Every structure is written in C-alpha cells, then in structure tokens.
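Examining the three-dimensional arrangement
Take a look at the letters that make up each chain.
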Amino acid sequence: MNDFPQVIVFDAFGTLVKIGESRSPYRKLMKWLKDNGRKPGTKDANIIMSNAVDIEQLTKLFGKVIPAPLLNEINDDLQFEVNTIELYEDTVHTLRSLKNLGFKIALCSNLAMPYGERLKTLLPNLFDVVILSYEVGAIKPEHHIYEVIREQLACQMPDMLFIGDNPLLDVEVPITLGMSARLIERNKMQNLREVLSDLLPND
C-alpha cells in the first residue's frame, strides 16, 4: 500500500453528493417491466448504468415500449429527484485543498445518465479525470472502469487512493487491484477531513 498517493479517486453519491429526496424512478420502471412479463435479470443494474440512454430508450433495451402516461410519470419523478441532488458541505473545500497540495483528483461513479448530467453541473471544475459508468460502458466492480482511470492519468494502481461509501466497490475491489482505499460513512456523520486527515493540513 502506498502511504502517500499521487491520485485521490472519489465515488460520487454518498461521498461527494447526496440525493435530498428519492422517488425511486428506476425501481418504478423495473416493477412495471416485471408486471408486464419481463423477468428481472442479474445484469439489470449494469444495463441501467452502463448505457447513455433516457427512460424511453432504456425501456426499449429491456424489450418493451413504455406507455406515454407512465413515461411522463417516471420522467417527472426522475427530474424531481435529480433536482434534489446537492453537494455535501465539505466537498468543494476538500477538493480544492487536495488540488492545492498537488494531488490529482478523479471521480469514478456508477450511475444512470440523468444523474451524471446533473452531477456535471454541480461539481467544481477541479477533476483531472471524470469516469462515469454510462460513458465508459462499465460499472464498478468491473475491473475495466478502474483501469480507465489508471490509463487516463498514466499512473500505476499503487499511486491511487480510492474514497467511497461502498465497502465492496470503493474499498475491497480497489485494494485487490493494488490501490489503497478508505471507506467514508456519511450515515455516521463522518466527513472527508476525517478520512483524509493525514493528507490535509489543519486549516
């Protein structure tokens, strides 16, 4: 494990940003698909988050045509939920501090396209690399999505420290690939400074 990484890689939701009020639009879609004869599959989450598609296009990928009233309802729920996404209070200050210290910073997130497009408008322009699952066609824990970060930054896995809220996707898998990794537990009021205390100055 590298005690002094060159690159800090962040997950998005539950790490840098949060959803203020969830309406679970994709769950509603998947329930409708199941009720209309489509058997749920183990790759459903992969399909949702690794394709740059809207709700109507996604439904067609699943082999169905969604009725207009339901499409409008789900899109309304999705837009409402997306509009409640906000940064954690410590996000911008922490990212800026890391940049000022000379670290490269990257974003690596599993998410459906509407969430990613909103994310791009919220996050400060401080990232050296932004890797979103629907743009690279792969999701964590698939090794390819982590490899894309390494390739784009021309670094080695031990040079990278992964920070996220998922013990498997953001900690266990990165460690097996040779990175270092740390878990952040926002639900326990933990903040980024606590997770990165050894890398950040006391300010």
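Predicted model only: the values in this text are computed from it and were never measured.

1. A few points about the domain arrangement of the chain
For the chain, the assigned domains are domain 1 (7-17 + 87-196) and domain 2 (25-84). Listed by partner, the interface residues are 13 residues for domain 1 and 14 residues for domain 2. Buried surface at the junction of domain 1 and domain 2, both sides included, amounts to about 1100 Å², of which 63% is carbon and sulfur. The interface formed by domain 1 and domain 2 holds 0 salt bridges in total. Counting every contact that joins domain 1 to domain 2 gives 5 residue pairs in polar contact (both at pLDDT 80 or more). When contributions to the side of domain 1 that touches domain 2 are tallied by element, the ones reaching two or more residues are helix H6 (113-122) and helix H7 (133-136). Looking at the side of domain 1 that touches domain 2 residue by residue, the classes come out as 8 nonpolar, 3 polar and 2 charged.

2. Structural notes on the nonpolar core
Counting 47 residues, the largest nonpolar core has Ile8, Phe10, Tyr115 and Ile163 as the members making the most contacts within it. Summarising the domain contributions, this core has at least three residues from each of domain 1 (7-17 + 87-196) and domain 2 (25-84). If near-sequence neighbours (up to four positions away) are discounted, tyrosine 115 is found in contact with Phe13, Ile19, Pro25, Tyr26, Leu78, Glu81, Val82 and Ile85. Core analysis: the second largest hydrophobic core is formed by 21 residues, Ile145, Val148, Leu169 and Val171 among them.

3. What about the sheet that holds strand E1 (residues 7-10)?
Pairing within the open sheet is parallel, and its 5 strands lie in the order E5-E4-E1-E6-E7. The outermost strands of the open sheet, each flanked by one partner alone, are strand E5 (129-132) and strand E7 (180-183). Going across the sheet, the axis of each strand differs from the next one's by a mean of 20°, ignoring polarity. Lying over the sheet, helix H9 (residues 167-176) contacts strand E6 (160-164) and E7, oriented at roughly 160° with respect to E7.

4. What to know about the environment of histidine 144
When you line up the elements, histidine 144 lands in helix H8 (residues 143-153). Setting aside residues up to four positions removed in sequence, histidine 144 forms contacts with Val136 and Ala138.

5. As for the side chain of aspartate 11
Along the polypeptide, aspartate 11 turns up in the loop between E1 and strand E2 (17-19). Engagement of the side chain of aspartate 11 in a polar contact is seen with the side chain of threonine 15, the distance being 3.1 Å. Here the side chain of aspartate 11 touches lysine 140 through a polar contact of 3.0 Å, side chain to side chain. If we ignore the near neighbours within four places in the chain, the residues touching aspartate 11 are Leu16, Leu107, Cys108, Ser109, Lys140, Phe162, Ile163, Gly164, Asp165 and Asp170.

6. Digging into helix H5 (residues 91-100)
All of the buried residues in H5 are Thr91, Thr94, Leu95, Ser97 and Leu98. Viewed end-on, H5 has its buried residues packed into an arc of 160°, placing them on one side of the element.

7. So, the side chain of threonine 91
Note on placement: threonine 91 falls in helix H5. The exposure class of threonine 91 is buried, given its relative accessible area of 0%. In terms of polar contacts, threonine 91 uses its side chain to reach the backbone carbonyl oxygen of leucine 16, at 2.7 Å. Residues within four places of threonine 91 in sequence aside, it is in contact with Leu16, Leu123, Arg186 and Leu192.

8. A short note on the pattern of salt bridges
Enumeration over the complete set of coordinates arrives at 15 salt bridges. Taking the shortest distance from any N to any O, the salt bridge between glutamate 73 and lysine 28 comes out at 2.9 Å. Of this pair, glutamate 73 sits in helix H4 (residues 68-83) while lysine 28 is found in helix H1 (residues 25-35), placing the two residues 45 residues apart along the sequence. By relative accessible area, which is 27% here, lysine 28 ends up partly exposed. Measuring nitrogen to oxygen at the nearest pair gives 2.5 Å for the salt bridge that ties glutamate 147 to arginine 150. Remark: arginine 150 and glutamate 147 occur in helix H8; sequence separation between them is 3 residues, near one turn of the helix. In this structure glutamate 147 comes out as partly exposed when scored by relative accessible area, which is 23%. Shared partners join several salt bridges into a network, and the residues in it are Arg23, Lys28, Glu73 and Asp77.

Parameters and conventions
- Residues numbered from 1 in each chain as written.
- Predicted model: local features only at pLDDT ≥ 70, side-chain atom pairs only at ≥ 80, totals over all residues.
- Heavy atoms only, no water.
- Domains from an automatic or database assignment.
- Contact = heavy atoms within 4.5 Å.
- Buried area = accessible area lost by both parts, 1.4 Å probe.
- Salt bridge = Lys/Arg side-chain N within 4 Å of Asp/Glu carboxyl O.
- Polar contact = N/O pair within 3.5 Å; in protein donor to acceptor, adjacent residues only side chain to side chain.
- Helix = DSSP H or I, 4+ residues; strand = E, 2+ residues; numbered from the N terminus.
- Nonpolar A, V, L, I, M, F, W, Y, C, P; charged D, E, K, R; others polar.
- Core = buried A, V, L, I, M, F, W, Y, C linked by side-chain atoms within 4.5 Å.
- Buried < 20%, exposed > 50% of the residue type's maximum accessible area, 1.4 Å probe, protein only.
- Pairing = 2+ DSSP bridges.
- Axes fitted to C-alpha atoms, helices over the stretch in contact; angles between N-to-C directions.
- Arc of directions from axis to C-beta.

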